[in-house]
Each structure stands twice: as C-alpha cells, then as structure tokens.
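Chains, contacts and geometry: an overview
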Amino acid sequence: MKDFGCDPDTSTATLANGVRVVVIRLPYLDSASASVFVRTGSCHESRRLNGISHFVEHMAFKGTRGRDCQQINLDAEMLGAEVNAHTDKDHTAYHMRGLARHAGRFLQMLGDIVQECSFPEAELERERQVILHEYIEDEDDTLATAYKLFDKACFGTHPIAQPVIGTRHNIERFTRADLLDYVRRQYTGANIVVGVAGNVDPESIMNDAQAAVGSMTRGSQNTVAPPAYIGGSRTRHLSGCSQTHVVLGFPIPALRDDDYHAAVVAAALFGEGMSSPLLDQIRERRGLAYCAACSADVMDLCGQFVIEASTTPEHLGEFFDEVAKLLLAHAEIIDPVGMVRARNQIAVRSLGDYERPFRRLEDAAQDLYVYGRVRSRAELMARVEAVTAEQVREAFARMLASRAAVAIAGKVPPRANERALERLTARHA
C-alpha cells in the first residue's frame, strides 16, 4: 500500500517531554477547536478504581491551584468559548471552541485544567452527587444496559469490559487523594496529545503548546494487554420496560490489524442504511423491530461487530432466526451491489467526519496513539476501496466461527439467553 503521509493541512510535532501536538489548518473557518487528549479511560482502571477517569474529568473543571470553578467558567465565557469534556474506554478529552485568534489562550486554559486540577473537597462532595445522578440515569437506560452486558459477554472481567461510569460503590468512596494519585500516574507527557483545528498558524500553535504543557512529566505510556474474547449471553430484566433490547455480535480485528477494514465494510454492507439486508429484512419486510443497526466498533485493543435492535418479547425468537440466516448468507456470498453501496456510505460518512474539526482532532489523536502518525483521508479511503467481496465474505465466515456474544435487556422472556444462542448456533451448524 502506498504511503500517503498526512493530509497537507496537518502538522505534527513531539515535545521533549513526549507530548504529541497536531495542528490542522482550516483557513476557511473563523473559529478554532482545541483539545487535550489523555490516554486513560475505563480500560486503564483496576476494578477498585473503575469510574475514576470519568470522576477526574468531572472534577477537573472544579478548581485548579490558581483558579476556582467560577473563574474557570468565566475565563472561557469571557472569550465566548464553549468548554466540554468526555471520557471513553481508552481516553479522556478536554475541549474548547471559540474564535481562532484565541486558540493559544484555549491551550493555556486547558493546560491549567489537566496539570493543576486541585479537586477541592467541597466541590468533590457536590460533584459526587451529580455523578451519582448520571449513574442512575445510565442504569435506567435499557439500551445502555444492554451494551454493558454485551461488553461483559465479549470480554468478561478484562478492564475493557468495565463501564466508563464505574460502579456506585466506587463513586461513593473515591477520595481527593485517590484522584490526585490517579492524575499523577496517568496524566503524563507520554500519554498526552494536544490538538488544534481552525484558521491558525501551526508554528504559533506549536509554541503555545510548549508553553502550556511542555513542563509536564514525561512518564511512561499507559498500556493494557489485549483482552481474550469469550462470547456467551447475558440478560437483565428491567421493570417498567415493555420492549426487549438486544445487542449481539462477534470479535473482529483491532486497529493495529489491517484486516479490520474488511470488518468495517462488512458492517456497513450488513446494516447501515434502510436498504441494508438487516434493515430491509428485520424492519421493512418482517416488522420485527422499529430500530435496528449494525456497526464495527474498532479500538486499539480489540474490535466488535455489533448488531443492535429493539423488539418485543414475542418477536425475539424470529428476530434471532432472521439475523442468523442473514449472517450465514453473507458468509457464503456477497452481493456486488451491496459492496458499492457500503463503500459509498463509508466514503460519505468519512467525509462528514473530515469536515468536523473536533472529530478530525479525535481521529488524529487516536492515530498518534496507535500508529505514531496521522493517516490521511486518501489512505483510509484507498484501504476501504481495496477491500474485496471475498475479504468481506471471509470476515463474516470468521465471525461465525466464533461464539456469539448476546445481551438482552428490558422485558426478557424466560430462558431468552439460552434460546438466543441455540438459534444462532443451529443456524451456524
């Protein structure tokens, strides 16, 4: 495969302390988006610390050594800037967006938040209650529950299967000392990517990044051993729910394996769009579900081919039968029309991501963590175009050679988990 390098508007550098900096120059914008990505999330946590990355993200805005919570908010809003953050399984990110001329100030403020957060005790107790409310909301979300069960069915007790929100017990007992110690160990230069996208001067931003985070301790990279896939089924009955929410899937290659591109095409072909086999058969022709979708969730450590649907208990068995039949058909032959549709859908979706400054920064940060470089859009599209129908067929065949992972939440019929696996296994045989 040809080495396409970075996109021409993308510049990267590595500071002496290991911090990677990426600047994406978008001269047609008057705004700029700035982000600090930290390679730490729920997959980097022990069971005792599950949820602490998310807790730290919440508390980072509650005070630093030089600014209290109110000053942090005011400093951003005096510039008209938006401030946000999120935690995922493999990273935590802090963002600001505003006028391009303020991009250097954004980096200064974000640098203060990730390096100097002080976790005031009074703020900690208030924010603990906020996070507990978020935890309850997450527990009441039937589809979110199904996804958490699905992760456990896939990877068991490996940290990648832990929920980002953590456990109630952990949220209730985290102390200021726990947070400070976690940040000291995890928030180090080797795990930081600083990114800015907008109408900015790359050299100036590189200097601003040096001033903002150049003094961070280098540390070592936060690494986790890849999980072993398990498979199986899990269920949870949720009172007051009249629907049955299903998440099922199979293992696929991780980001470091080039074969993952075939799985991405397979997912788009199978269940992206109303004309896809999944939607056409499950919803349009049989009326088994209002909502159904398929995706390839590809991470640094592992990958998951995911099918989700919301149905009713009386339709659950037929739903599994039809999904199994479709999967088996795709392991035998791939429709050439479906290949064209899937490639074009991926191309358009990729273009949409490419035109969103924050999404480009997030993708660039992931590339730097995994590959040590930022892949160009031309390279990604070339790899998708190079995927053949036979490779997609083989991807389905490999998945069906693995034990399915099935999660069912909401109104769950008796022995639903056993029957689901029986139906999928019978079809495979």
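The structure reproduced in this document is the subject of the present report. (Residues numbered from 1 in each chain as written. Predicted model: local features only at pLDDT ≥ 70, side-chain atom pairs only at ≥ 80, totals over all residues. Heavy atoms only, no water.)

**Here we look at the pairing of strand 3 (residues 31-38)**
Quick note on the threshold: Buried, partly exposed and exposed residues are distinguished by accessible area as a fraction of the type maximum, computed with a 1.4 Å probe on protein chains only: under 20%, between the cut-offs, and over 50%, respectively. Going along the chain from the N terminus, every DSSP run of H or I of four or more residues is numbered as a helix, and every run of E of two or more is numbered as a strand. In short, DSSP must find at least two bridges between two strands for them to pair.
The buried fraction of strand 3 is high, at eight of eight residues. Judged by which residues are buried, strand 3 turns out to be covered on both faces: S31, S33, S35 and F37 on one side and A32, A34, V36 and V38 on the other are all buried. Strand direction decides the pairing type here: strand 3 and strand 5 (residues 92-99), joined by eight bridges, are antiparallel. Bridged to S35 within strand 5 is H95. The pairing of strand 3 with strand 6 (residues 192-198) spans seven bridges and is classified as antiparallel. By the bridge assignment, F37 is partnered in strand 6 with V193.

**What to know about the packing of helix 9 (residues 260-271) against helix 10 (residues 277-285)**
Operational definition: The convention used is that axes are lines fitted to C-alpha atoms, helices contributing only their stretch in contact, and that angles between N-to-C directions extend from 0 to 180 degrees. Any angle between 65 and 115 degrees counts as roughly perpendicular, while under 35 counts as roughly parallel, over 145 as roughly antiparallel, and the rest as oblique. Should any heavy atoms of two residues lie within 4.5 Å, those residues are considered in contact. Lys, Arg, Asp and Glu make up the charged group, whereas Ala, Val, Leu, Ile, Met, Phe, Trp, Tyr, Cys and Pro make up the nonpolar group; the residues left over, Gly among them, are polar.
Interhelical geometry of helix 9 versus helix 10 gives an angle of 30° and a closest axis separation of 4 Å. On the basis of the axis angle, helix 9 is roughly parallel to helix 10. In this structure, helix 9 uses L269, F270 and G271 to contact helix 10, whose residues at the interface are P277, L278 and L279. Taken together, the residues that form the contact of helix 9 with helix 10 break down as five nonpolar, one polar and no charged.

**Digging into the pattern of salt bridges**
Quick reminder of the rule: The term salt bridge refers to a pairing of a side-chain nitrogen on Lys or Arg with a carboxyl oxygen on Asp or Glu at a separation within 4 Å.
Under the counting rule described, the total for this entry stands at 32 salt bridges. Two residues, K148 and D138, come together in a salt bridge whose shortest N-O distance is 2.6 Å. Taken together, the residues span a long stretch of sequence, with K148 in helix 5 (residues 142-155) and D138 in helix 4 (residues 121-140) at a distance of 10 residues. The class for D138 is partly exposed, based on a relative accessible area of 22%. Between D353 and R356 there is a salt bridge, with its nearest N and O atoms 3.4 Å apart.

**Concerning the packing of helix 3 (residues 103-116) against helix 8 (residues 202-213)**
Packed helices, taken two at a time, are described by the angle their axes make and the gap between the axes. Selection rule: Crossings are classed by handedness, with left-handed meaning an anticlockwise turn of the near helix from the far one by less than a right angle and right-handed meaning a clockwise turn.
It is the contact of helix 3 with helix 8, at a shortest axis distance of 8 Å, that shows an interaxial angle of 25°. Considering their axes alone, helix 3 and helix 8 lie roughly parallel with respect to each other. Where helix 3 crosses over helix 8, the two elements pack in a sense that is right-handed. Contacts from A103, G104, L107, Q108, G111 and Q115 in helix 3 reach I205, D208, A209, A212 and V213 in helix 8.

**Some points on the nonpolar core**
A general trend in soluble globular proteins is that nonpolar side chains are found buried together. The line we're drawing: Here, the term nonpolar core denotes a set of buried Ala, Val, Leu, Ile, Met, Phe, Trp, Tyr and Cys residues that are joined through side-chain atoms within 4.5 Å.
Counting 55 residues, the largest nonpolar core has F305, F320 and F396 as the members making the most contacts within it. Per element, the largest residue contribution to this core is 10 residues, and it comes from helix 9. For F396, the contacting residues outside a window of four places in its chain are A266, F270, F305, L327, H330, A331 and I334. If you look at the next biggest cluster of nonpolar residues, it comprises 53 residues, including L15, V23, V200 and M206.

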